[in-house]
Amino acid sequence: MEGLMMQQPLLVASLLMHAERHHGTQEIVSRRVEGDIHRYRYRDLAQRARRMANALAGLGIGKGERVGTLAWNGYRHMELYFAVSGSGSVLHTLNPRLHVDQLAYIIEHAQDRVVFFDLTFLPLIESVAPRVKSPKVFVAMTDRAHMPQVHGLSVELMCYEDLIDLHDDVFDWPLLDENSASSLCYTSGTTGNPKGVLYSHRSTVLHTYGAALPDSLNCSARDVILPVVPMFHVNAWGLPYIACMVGAKLVFPGPALDGRSLYELIEAEQVTLSAGVPTVWQGLLTHADATGGTFSSMRHTVIGGAPCPTAMTAAFQQRHRVDVLHAWGMTELSPVGTVCSFKTAQLSLPMTDQYAVQAKQGRALFGVDMKIVDANGAELPWDGNVAGDLLVRGHWVTRQYFGNDDTSPLRDGWFPTGDVAKIDPDGFMQITDRSKDVIKSGGEWISSTDIENIAYLHPDVTAAVCIAARHPKWDERPLLLIVKKPDSELTGVELLDFIDGRIAKWWKPDAVIFVESVPLGATGKVLKHQLREQFGNHYLSA
Ligand code: ADP
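Predicted model, so just to flag it, every value in this text is computed and none were measured. (Residues numbered from 1 in each chain as written. Predicted model: local features only at pLDDT ≥ 70, side-chain atom pairs only at ≥ 80, totals over all residues. Heavy atoms only, no water.)

Peer 1: Please clarify how the overall build of the protein should be interpreted in this entry.
Peer 2: Helices and strands together make up the secondary structure of the protein, namely 17 helices and 25 strands. The C-alpha radius of gyration computed for the protein amounts to 23 Å, which stays within 12% of the reference 24 Å derived for 542 residues, consistent with globular compactness. If one aligns the C-alpha atoms of the protein with their principal axes, the spans along those axes are about 70 × 65 × 50 Å. In the protein, the proportion of contacts linking residues at least 24 apart, taken out of those at least 6 apart, comes to 66%. For the protein, the accessible surface area stands at approximately 22600 Å², while carbon and sulfur atoms represent 50% of it. Distance between charge centroids for the protein: 1 Å, based on 48 positive and 60 negative side chains. (Helix = DSSP H or I, 4+ residues; strand = E, 2+ residues; numbered from the N terminus. Rg over C-alpha atoms; globule rule 2.2 N^0.38 Å. Contact = heavy atoms within 4.5 Å. Areas by Shrake-Rupley, 256 points an atom, 1.4 Å probe, with all protein chains shown as cover. Lys, Arg positive; Asp, Glu negative; His and termini not counted. Charge placed at Lys NZ, Arg CZ, Asp CG, Glu CD.)

In structure tokens:
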């Protein structure tokens, strides 16, 4: 028998309509590329998004067609999030940290009809434009007074605020099929060529419900949310949508992502919740430590995208009384898959045991199903010891890459994440490695992240990266690359002594190399494959 409930499609525009109606006076604050702070309210956002939807129609952008953005976190980008997806086109967020060749590849592959960009990225646009055929229009996200003088651009350059001014704010968001595409994001390419993940309205709204929950990112109408994670990277982990759903105040940092700028914004706007990758938080902590700064409003911070070292969790929680939510996700998962929130049993654990739990990537959200398997695909137990390939499936997991209809990435209906993980009996998943980063010593796996976590406990260590280096006897052995604090006199022997006793003897790296910096990818993650190319033969030549 069929249920007798309404069939209301799950649509991105509904989030904006909800925010306008129920939280219309809630504030959105943006640090702009132009340098100043901009403030307005959800009702202004909704009104301008409707104007922009009319402008897109005026530009002839049809349903399903892609609209590129090359922009920081800010209110204009937010308007495009809703104007583009809400009117049935596909928002394609471009990552400006990618190489020009990759950007051109992605724009052509996605067949973007128009590209909106922040002024910061004008030089990038000038390099990319001659290499791409699909976009006919580029739009500078600024007002007339700040429009750049550009010569030699073969395509039309338009002004964002002109488009807004020229169009009416009456627009009825169309009743779309909830399975139609809403946005597109290419994987950041730490491994292989970028691949497009095409989200649907339905997957986006379901992800929004799931990720907002108390044991997920824990967002409410009383929160002031600062998404540091870029809107060009997996929809800023869904926070723009979540903020609309719950009616939270939003604070956008624009291009200023250094420790001082973030700290000042957090304090000035009384931010309660923020989210970003560990490298960003390192900058914030360093600034707070150097200036004696404390956080007067921050309640918790979501750290993900790369493993969050225990030392960072401890710094936030002990020194600053800011709770850390360690989260794991992927572009292919919209992105949130697991969040490390305690169950009741963990609340009474001693602090060191609690930190050990928080080093894990956490429990699966409802909507994401996970399992670990061995090399033959057989499911492995959740005993907290055995590690295997992590597979997922669920409402917001991709089943196919964009423009890649012939091949499916799935294995028996499950998406192989490329991560290696163990899961404990309480369901807390812990990534031990990416399958490519695993160190295989004498046929046994060594977790590079465990070793990094321990190295981070040393007070003189700023960055720790453990890679597999080829070894004449053991195939591979761990090699530790360290960036140390500027005035530190730490030696490799001292650091190895420090590590000794904290892990199994055979896991201890054979050597430490001190480096000035480590290469970071487009989303702030360490490019381990580059380091492997550079240092992978260390033990062969030693
Ligand atoms: P890319 O795979 O191109 O780097 P993503 O941003 O989608 O792009 O990265 C997803 C990957 O990032 C995951 O598969 C995992 O390897 C890693 N990752 C994400 N969050 C965490 C985390 N909390 N701890 C460890 N690794 C993480």
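Peer 1: Could you clarify how one ought to interpret the sheet that holds strand β1 (residues 27-31) in this entry?
Peer 2: Where strands meet in a sheet, backbone hydrogen bonds hold them as pairs that are either parallel or antiparallel. Strands sit in the order β2-β1-β11-β10-β12-β13-β14-β15-β16 across an open sheet of nine strands; the sheet is mixed. With partners counted over all chains shown, the strands left at the sheet margins are β2 (37-41) and β16 (363-364), one partner each. Two elements, strand β13 (residues 300-304) and strand β14 (residues 323-329), share five bridges in a ladder whose sense is parallel. When the bridges of β14 are listed, Ile 303 appears paired with His 326. (Pairing = 2+ DSSP bridges.)

Peer 1: Would you mind showing me how to read the nonpolar core here?
Peer 2: Soluble globular proteins tend to pack their nonpolar side chains together in the buried interior. Membership of the largest hydrophobic core comes to 114 residues, with the highest contact counts inside it found for Met 52, Phe 82, Phe 116, Phe 295 and Phe 316. Here this core takes eight residues from helix α2 (residues 42-58), the largest share from any one element. Here this core spans two domains, since at least three of its residues come from each of domain 1 (8-23 + 38-203 + 229-250) and domain 2 (257-435). If sequence neighbours within four positions are ignored, Phe 295 has contacts with Tyr 263, Ile 266, Glu 267, Leu 284, Ala 288, Phe 316, His 320 and Val 322. (Core = buried A, V, L, I, M, F, W, Y, C linked by side-chain atoms within 4.5 Å. Buried < 20%, exposed > 50% of the residue type's maximum accessible area, 1.4 Å probe, protein only. Domains from an automatic or database assignment.)

Peer 1: What is the right way to look at the packing of aromatic side chains in this model?
Peer 2: Each aromatic ring pair is described using two quantities: the centre-to-centre distance and the angle formed by the ring planes. Counted by the stated rule, this structure contains 10 aromatic pairs. Here Tyr 40 and Tyr 75 contribute two aromatic rings whose centre-to-centre distance is 5.2 Å and whose plane-to-plane angle is 70°, an arrangement assigned as edge-to-face. In this pair, Tyr 40 is assigned in strand β2 and Tyr 75 in helix α3 (residues 75-86), connecting sequence segments 35 residues apart. Each member of the aromatic cluster is reached from another via a ring pair, and the members are Tyr 263, Trp 281, Phe 295 and Phe 316. (Phe/Tyr/Trp six-rings, centres within 6.5 Å; stacked < 30°, edge-to-face > 60°.)

Peer 1: Got a minute to help me understand the pairing of strand β24 (residues 475-484) in this structure?
Peer 2: In the case of a regular strand, side chains alternate between the two sheet surfaces. In terms of burial, β24 is largely enclosed, as seven of its 10 residues are buried. Here strand β23 (residues 461-471) pairs with β24 via 10 bridges, running antiparallel. The partner of Ala 468 across the bridge, within β24, is Pro 478. If you look at the hairpin formed by β23 and β24, you'll find three residues sitting between the two strands. With four bridges joining them, β24 and strand β25 (residues 511-514) adopt parallel strand pairing. In the strand pairing of β25, Leu 481 is matched with Ile 513. Read from β24 through helix α15 (residues 492-499) to β25, the crossover connection turns out right-handed. (Right-handed = clockwise from strand over helix to strand, strands pointing away.)

Peer 1: What am I meant to see in the UniProt feature "domain: AMP-binding enzyme C-terminal" (unreviewed entry) in the protein here?
Peer 2: Per the UniProt entry, the sites bearing "domain: AMP-binding enzyme C-terminal" (unreviewed entry) are residues 451-525 in this numbering. The annotated region residues 451-525 carries 19% helix and 33% strand content, and the separation between its end C-alpha atoms amounts to 17 Å. (UniProt positions renumbered as here; feature names shortened; annotations may be inferred.)

Peer 1: What is the right way to read the state of the cysteines from this model?
Peer 2: Cysteine pairs can be covalently joined through their sulfur atoms, and such a bond is termed a disulfide. Evaluated as defined, the whole model comprises zero disulfides. Here Cys 244 stays unpaired: no disulfide links it, and the sulfur of Cys 219, its closest cysteine neighbor, is 12 Å away. Cys 308 provides the cysteine sulfur closest to Cys 466, a residue in no disulfide bond, and the two sulfurs are 18 Å apart. Of the residues examined, Cys 466 reaches a relative accessible area of 0% and is grouped as buried. (Disulfide = S-S within 2.5 Å.)

Peer 1: I would appreciate a short explanation of the environment of Pro 416 in the present structure.
Peer 2: One can find Pro 416 in strand β19 (residues 415-423). In the structure, Pro 416 is positioned 26 residues away from Leu 390 in sequence and 6.3 Å away in space, judged by C-alpha atoms. If we ignore the near neighbours within four places in the chain, the residues touching Pro 416 are Leu 390, Leu 391, Pro 409, Leu 410 and Arg 411.

Peer 1: I keep staring at the pairing of β19 and nothing clicks. Help me out?
Peer 2: Burial of β19 is extensive: seven of the nine residues sit out of reach of the surface. Remark: five residues form the turn of the hairpin made by β19 and strand β20 (residues 429-434), two consecutive strands paired antiparallel; Gly 427 in that turn has positive phi of roughly 90°.

Peer 1: Before we go on, may I ask you to explain the pattern of salt bridges in this structure?
Peer 2: A pair can form between side chains of opposite charge whenever their charged atoms are brought close. Applying the stated criterion to the full structure yields 24 salt bridges. Two residues, Glu 269 and Arg 39, come together in a salt bridge whose shortest N-O distance is 2.6 Å. Of this pair, Glu 269 sits in helix α9 (residues 259-269) while Arg 39 sits in strand β2; the two residues are 230 residues apart in sequence, bridging distant segments of the chain. On the basis of relative accessibility, which here comes to 43%, the residue Arg 39 falls in the partly exposed class. Between Arg 477 and Asp 510 there is a salt bridge whose closest N-O contact spans 2.9 Å. In this pair, Arg 477 is assigned in strand β24 and Asp 510 in the loop between α15 and β25, connecting sequence segments 33 residues apart. Assessed through its relative accessible area of 36%, Asp 510 is described here as partly exposed. (Salt bridge = Lys/Arg side-chain N within 4 Å of Asp/Glu carboxyl O.)

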